[in-house]
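Here is how the chains run, residue by residue.
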Amino acid sequence: SDNGAVPGEPVKKDENSRRGNWGNQIEFVLTSVGYAVGLGNVWRFPYLCYRNGGGAFMLPYFIMLVFCGIPLFFLELSFGQFASLGCLGVWKISPMFKGVGYGMMVVSTYIGIYYNVVICIAFYYFFMSMTNLLPWTYCNNPWNTADCSGVVGSGHQLNASLANATTSLVAGVSEVVNRTKRTSPSEEYWKHYVLNISDDIGNFGEVRLPILGCLAVSWCVVFLCLIKGVKSSGKVVYFTATFPYVVLTILFIRGITLDGAINGIKYYLTPQWQKVLDAKVWGDAASQIFYSLGCAWGGLITMASYNKFHNNCFRDSIIISITNCATSVYAGFVIFSILGFMAHHLNVPVSEVADHGPGLAFVAYPEALTLLPISPLWSLLFFFMLILLGLGTQFCLLETLVTAVVDEIGTDWIIRHKTIVTLTVAIAGFLLGVPLTTQAGIYWLLLMDNYAASFSLVIISCIMCICIMYIYGHRNYFKDVEMMLGFPPPLFFKVCWRFISPVIISFILIFTVIQYKPITYNDYVYPGWSLAIGFAMALSSVICIPIYALYKISRSPGATFRERLKNACRSHPKWGPALQEHRTGRYAPMASEDTVEARPLKEKEELKEELKEEEKEKERKDEISLTIQGSNGSTNTHNNPNPSA
């Protein structure tokens, strides 16, 4: 039937009518780009790049992309697409490892809570930019202190001469001068007005109502975009994933035409080749690739699970990974051209104005924008871009949790009422975000950012690789991929999956542990109890893995521990393509003895049993029919067996 569509036009139907699919391939690619490209591309990569040898950092960065980033990305996409299940359901591949899926959910929950708080602060700045004079331009506001000195207007000449004097002085004196470093109006606006920051992580003070309001706005936006799951978010990403590039380009053109922009970009890109020999630089490159692509968050598996079975996710993974890294490099130009202009204006080296994290987005860059003509326009554009970059990631974090819950329960009711699950998760996320809008909120936000999703992601990813390649078996997995894509994974990827990527991931883990320094915020040192909470958050996702594994082994059939272990690792009979029409080869439903050979060993025994049962059943039926025929002719010697038995 035509479903009321144009007569003669084929109606576009979902391949998987129960779960739904993406409207088309572009929606999937844009969503994944929006997911991988986030705030870190703007506020982390440019800073890492200049700190780790400028252009020289690109070499380890791209090597890590090729040997670790793209292979892991392809592994997660193919994994989710093959089974058409979220980050919990896919572990039918080896039920004992389902704890990895729970770990991914825990990580996505933490990130989802604090990420939306960052988006809401961007919303706040966006609304505050709708004036003819940005509120962080001058020092004459009630929240400013005596140390404040602006970069706009009168203070400028004095500042320049002071800076010249400082540079000519000897190191000892300059240290004294630096100690009484100026605070900028944007920094005071951020600290004393927006956050009204308290002196300690335990001192919550009051909830900042404007930020709480913005948090409600950002959760509403995320919920409305996901109201129909991937059907609605797939349409929204046409805008949220592409428009940041328009804004980046506008800001790039504006930035590159300013005085001093070239110095900033030189500072960002000048290669210091001696740094390539430094292990720390390689560690940073690997970590940045790993965290920035969103591996082990569960989002990639979830997004790919809504693809059609035969979609070429190999091509997609390469396109998305390279786009993500190119965006980071491009954002560096945008950031450093403006920072170079500001350093030129203040007559200080670029390193003094360069910052990373929230400090870059809400202090350094907004301050530089006050120097431009029509500064509110550039400010609106910049914060609008941050909002869109954040939302693209936030959609996937929420969808990951919702899909995992819906797939896991899997009843018709919950599939029909998926929106209710989405609403529940959104409300919970909002309530859990409320403590982050208090006066101590920024301390907690940075604590979550540093601990909740750092080394735990590395462990989760490593275990996932080992499970698929060594427990399930690389040969099986390569066959699965071939069955799905029509070609086996290229040799390079086979080698990376089995050897190189797990080694690089282990290297990131070791590097993270060696490099570990307790977190600080400006001059504030976090107390021991808060670090303990940080570690507890980090462990809470990893601990799911051994706990669930032990639970699964204890519940598996078998006389000895070894038998139970084997049964717990064995893939579930339902593992494989979701739809019957794709279950061919070793996933085909078995009918007769000769096709048994094609099945994996573990299932052969069960099948032989079933066939034996069928044979017995047949014999009994023959016997019954013979008996009945006999009794028609003469008196039956047997007790006539009950035919319905």
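Computed from a predicted model, the values in this text were never measured in an experiment.

### Here we look at the overall build of the chain
Inference 1: Summing up its helical and strand segments, the chain has 28 helices and two strands in all.
Inference 2: In the chain, which comprises 645 residues, the share counted as buried stands at 54%.
Inference 3: Contacts in the chain between residues far apart in sequence, at least 24 positions, make up 82% of those at least 6 positions apart.
Inference 4: Carbon and sulfur atoms provide 64% of the accessible area of the chain, an area that totals close to 28200 Å².

### Comments concerning the packing of aromatic side chains
Inference 1: The final tally for this structure, using the stated rule, is 66 aromatic pairs.
Inference 2: Each ring, one from Tyr477 and one from Trp497, has its centre 5.7 Å from the other, and the planes form 70°; the classification is edge-to-face. Here Tyr477, found in helix α23 (residues 474-485), pairs with Trp497, found in helix α24 (residues 491-514); they are 20 residues apart in sequence, far enough to count as distant. Exposure class is identical for Tyr477 and Trp497. Each is buried.
Inference 3: Taken together, the aromatic side chains of Tyr124, Tyr125, Trp136, Trp143, Tyr189, Trp190, Tyr193, Phe362, Tyr365, Phe382 and Phe383 make up a single cluster linked through ring pairs.
Inference 4: Between the NZ or CZ atom of Arg19 and the centre of the ring of Tyr306, over which it lies, the distance is 4.4 Å.

### Points about the pattern of salt bridges
Inference 1: Counted by the stated rule, this structure contains twelve salt bridges.
Inference 2: Across the pair Asp412 and Arg18 runs a salt bridge whose closest N-O atoms are separated by 2.4 Å. Residue Asp412 is located in helix α19 (residues 412-416), and its partner Arg18 is located in the segment before α1 (25-36); the two are separated by 394 residues in the primary sequence.
Inference 3: Residue classification places Arg18 among the partly exposed residues on the basis of a relative accessible area of 42%.

### So, the state of the cysteines
Inference 1: Applying the stated criterion across every chain, the model contains one disulfide.
Inference 2: Note that Cys139 is cross-linked by a disulfide to Cys148, the S-S spacing being 1.9 Å. An S-S torsion of about -70° defines the bridge between Cys139 and Cys148 as left-handed.
Inference 3: Judged by its relative accessible area of 12%, Cys148 is buried.

### Describing empty space enclosed by the protein
Inference 1: Across all of its chains, the model carries five cavities of 30 Å³ or more by this definition.
Inference 2: Taken as a whole, the second largest cavity spans an internal volume of roughly 70 Å³.
Inference 3: Lining the second largest cavity, in full, are Val117, Ile121, Leu195, Arg208, Ile211, Leu436, Thr437, Thr438, Gln439, Gly441, Ile442 and Leu445.
Inference 4: Of all the elements in the fold, those that place two or more residues in the lining of the second largest cavity are α5 (98-128) and α21 (441-452).
Inference 5: Here the lining of the second largest cavity is built from residues that sort into seven nonpolar, four polar and one charged.

### Quick notes on the UniProt feature "binding site: Na(+)" (unreviewed entry) in the chain
Inference 1: The positions that UniProt labels "binding site: Na(+)" (unreviewed entry) are, in the present scheme, Gly34, Ala36, Val37, Asn41, Ser292, Asn324 and Leu389. A maximum C-alpha distance of 12.5 Å places the annotated residues, which cover 356 residues in sequence, within one compact spot.
Inference 2: With respect to the helices and strands, Gly34 occurs in helix α1.
Inference 3: Judged by relative accessible area, which is 10%, Gly34 ranks as buried.
Inference 4: Setting aside chain neighbours within four positions, we find Gly34 in contact with Ala241, Leu389, Gly392 and Thr393.
Inference 5: Mapped onto the elements, Ser292 comes out in helix α13 (residues 279-293).
Inference 6: We classify Ser292 as buried; its relative accessible area is 10%.
Inference 7: Excluding anything up to four places from it in sequence, Ser292 contacts Ala36, Asn41, Ser287 and Asn324.

### Structural notes on the nonpolar core
Note that soluble globular proteins tend to have their nonpolar side chains buried in a common cluster.
Inference 1: Formed by 194 residues in total, the largest nonpolar core has its most connected members in Phe79, Tyr125, Phe362 and Tyr526.
Inference 2: Top element by residues in this core is α5. It accounts for 19 residues.
Inference 3: Excluding residues that lie within four positions of it along the chain, Tyr125 makes contacts with Trp136, Tyr189, Trp190, Val194, Phe362 and Phe383.

### A look at helix α10 (residues 230-240)
An α-helix turns once every 3.6 residues. As a result, residues three or four positions apart point the same way.
Inference 1: Every buried residue of α10 is accounted for by Val230, Ser232, Ser233, Gly234, Val237 and Thr240.
Inference 2: On its buried face, α10 is in contact with α1, α9 (209-225), α11 (243-256) and α18 (375-409).

### Topic: the packing of helix α26 (residues 544-555) against helix α27 (residues 561-569)
Inference 1: α27 packs onto α26 with a crossing angle of 110° between their chain directions and a minimal axis gap of 8 Å. Relative to α27, α26 is oriented roughly perpendicular. Of the two elements, α26 crosses α27, and the hand of that crossing is right-handed. Contact residues: Lys552, Ile553 and Ser554 in α26; Phe561, Arg564, Leu565 and Ala568 in α27.
Inference 2: Of the residues assigned to the contact of α26 with α27, the class counts are four nonpolar, one polar and two charged.

### Digging into the environment of Arg19
Inference 1: Looking at the secondary structure, you find Arg19 in the segment before α1.
Inference 2: Given a relative accessible area of 17%, Arg19 falls into the buried group.
Inference 3: In this structure the C-alpha to C-alpha distance between Arg19 and Gly229, which are 210 residues apart in sequence, comes to 9.9 Å.
Inference 4: Each residue touching Arg19, except ones within four places of it in the same chain, is listed here: Ser84, Leu85, Gly86, Ser305, Tyr306, Thr403 and Asp407.

### Describing a nonpolar patch on the surface
Inference 1: On the surface, a nonpolar cluster with roughly 540 Å² of combined accessible area is contributed by Ile466, Tyr470, Ile471, Leu491, Val495 and Phe499.
Inference 2: At the level of secondary structure, the elements contributing two or more residues to the nonpolar patch comprise α22 (455-471) and α24.
Inference 3: Residue placement: Leu491 occurs in helix α24.
Inference 4: A relative accessible area of 66% places Leu491 in the exposed class.

### Some details on α9
Inference 1: Look at α9: 24 Å from first C-alpha to last across 17 residues, which is about the 24 Å you get at 1.5 Å a residue.
Inference 2: Burial in α9 covers these residues: Ile211, Leu212, Cys214, Leu215, Ser218, Trp219, Val222, Phe223 and Cys225.
Inference 3: Summarising the contacts, the buried residues of α9 are in contact with α5, α8 (185-195), α10, α18 and α20 (418-433).

So, how was this worked out
Residues numbered from 1 in each chain as written. Predicted model: local features only at pLDDT ≥ 70, side-chain atom pairs only at ≥ 80, totals over all residues. Heavy atoms only, no water. Helix = DSSP H or I, 4+ residues; strand = E, 2+ residues; numbered from the N terminus. Buried < 20%, exposed > 50% of the residue type's maximum accessible area, 1.4 Å probe, protein only. Contact = heavy atoms within 4.5 Å. Areas by Shrake-Rupley, 256 points an atom, 1.4 Å probe, with all protein chains shown as cover. Phe/Tyr/Trp six-rings, centres within 6.5 Å; stacked < 30°, edge-to-face > 60°. Lys NZ or Arg CZ within 6 Å of the ring centre and 35° of its normal. Salt bridge = Lys/Arg side-chain N within 4 Å of Asp/Glu carboxyl O. Disulfide = S-S within 2.5 Å. 1 Å grid on protein atoms, 1.4 Å probe; cavity = no way out; pocket = protein on both sides within 12 Å on 5 of 7 lines; lining within 4 Å. Points joined across faces, edges and corners; volume = space filled by probe spheres on them. Nonpolar A, V, L, I, M, F, W, Y, C, P; charged D, E, K, R; others polar. UniProt positions renumbered as here; feature names shortened; annotations may be inferred. Core = buried A, V, L, I, M, F, W, Y, C linked by side-chain atoms within 4.5 Å. Axes fitted to C-alpha atoms, helices over the stretch in contact; angles between N-to-C directions. Parallel < 35°, antiparallel > 145°, perpendicular 65-115°, else oblique. Left-handed = near helix turned anticlockwise from the far one by under 90°. Patch = residues over 30% accessible without salt bridge, like charges linked within 9 Å, V, L, I, M, F, W, Y side chains within 5 Å. Expected span 1.5 Å × (residues − 1).

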